[in-house]
Amino acid sequence: MNHPWHTKAACQGLAPEIFYPPTDDEADAAEAKAVCGVCTVREPCLEFALTVREKDGIWGGATERERRRLIRQRRRTA
Ligand code: SF4
């Protein structure tokens with residue numbers, strides 16, 4: 001990643017595998033979500049992932065499934 005907000009990312013230096021768990025399940029995603037939960041750039045990170053329709057990994061504390069749900073919800077309320 002190379003975005004202005006990335007310099008403040010709480011995930012910097014952590015193992016990428018944490019953010020690309022084998023499944024979207026709560027247990028597999030828990031570690032990444034805990035890091036995202038204290039990240040000060042969570043919002044721009046999530047918005048970026050939603051904008052580019054990022055398919056893989058956990059971004060802004062949201063799994064791929066959760067991001068798809070957010071996109072659907074936004075479409076409905078647009
Ligand atoms: S919200 Fe999560 S994935 Fe996004 S920059 Fe912060 S720690 Fe990294």
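What counts, and at which threshold
- Residues numbered from 1 in each chain as written.
- Predicted model: local features only at pLDDT ≥ 70, side-chain atom pairs only at ≥ 80, totals over all residues.
- Helix = DSSP H or I, 4+ residues; strand = E, 2+ residues; numbered from the N terminus.
- Contact = placed C-beta atoms within 7 Å.
- Near = placed C-beta within 6 Å.
- pLDDT = per-residue confidence, 0-100.
- Core = buried A, V, L, I, M, F, W, Y, C linked by C-beta atoms within 7 Å.
- Buried ≥ 20, exposed ≤ 12 C-beta atoms within 10 Å, placed from the backbone.

Colleague: What is the right way to look at the overall build of the protein chain in this model?
Modeller: Within the protein chain, the secondary structure is distributed over three helices and zero strands. Mapped in sequence order, the helices and strands of the protein chain form the string α-α-α. Counting only C-alpha atoms and orienting by the principal axes, one finds that the protein chain spans roughly 35 × 30 × 20 Å. Sequence separation of at least 24 residues holds for 49% of the intrachain contacts in the protein chain that already meet a minimum separation of 6.

Colleague: I would appreciate a short explanation of the site of the ligand in the present structure.
Modeller: Taken together, the neighbourhood of the ligand is formed by 13 residues, with A9, C11, C36, C39 and C45 sitting nearest. Listed by contribution, the elements that provide at least two residues to the shell around the ligand are α1 (26-37) and α2 (42-51).

Colleague: Would you mind going over the confidence of the model for the protein chain with me for this structure?
Modeller: Of the residues in the protein chain, 99% have a pLDDT of 70 or more, and the chain-wide mean is 95. Across the protein chain, the secondary-structure element scoring lowest on mean pLDDT is helix α3 (residues 64-77), at 96, and the one scoring highest is α1, at 98.

Colleague: Got a minute to help me understand the nonpolar core in this structure?
Modeller: Across soluble globular proteins, nonpolar side chains have a tendency to be buried as a group. Listed in full, the nine residues of the largest apolar core are A29, A32, C36, C45, L46, A49, I58, W59 and A62. Of all the secondary-structure elements, those providing two or more residues to this core are α1 and α2.

Colleague: Explanation requested: unusual backbone geometry in the structure shown.
Modeller: The backbone phi angle of R53 is positive, close to 55 degrees, even though this residue is not glycine. Structurally, the position occupied by R53 is in the loop between α2 and α3.

Colleague: Looking at this model, I keep getting lost on the environment of D24. Mind explaining?
Modeller: Structurally, the position occupied by D24 is in the segment before α1. In this structure D24 comes out as partly exposed when scored by C-beta crowding, with 15 C-beta atoms within 10 Å. Placed 16 residues apart in sequence, D24 and T40 show a C-alpha to C-alpha distance of 23 Å.

Colleague: Which parts of the structure should I look at to understand the environment of C11?
Modeller: Structurally, C11 can be placed in the segment before α1. Taking the C-alpha atoms as reference, C11 lies 10 Å from W59; in sequence the two are 48 residues apart.

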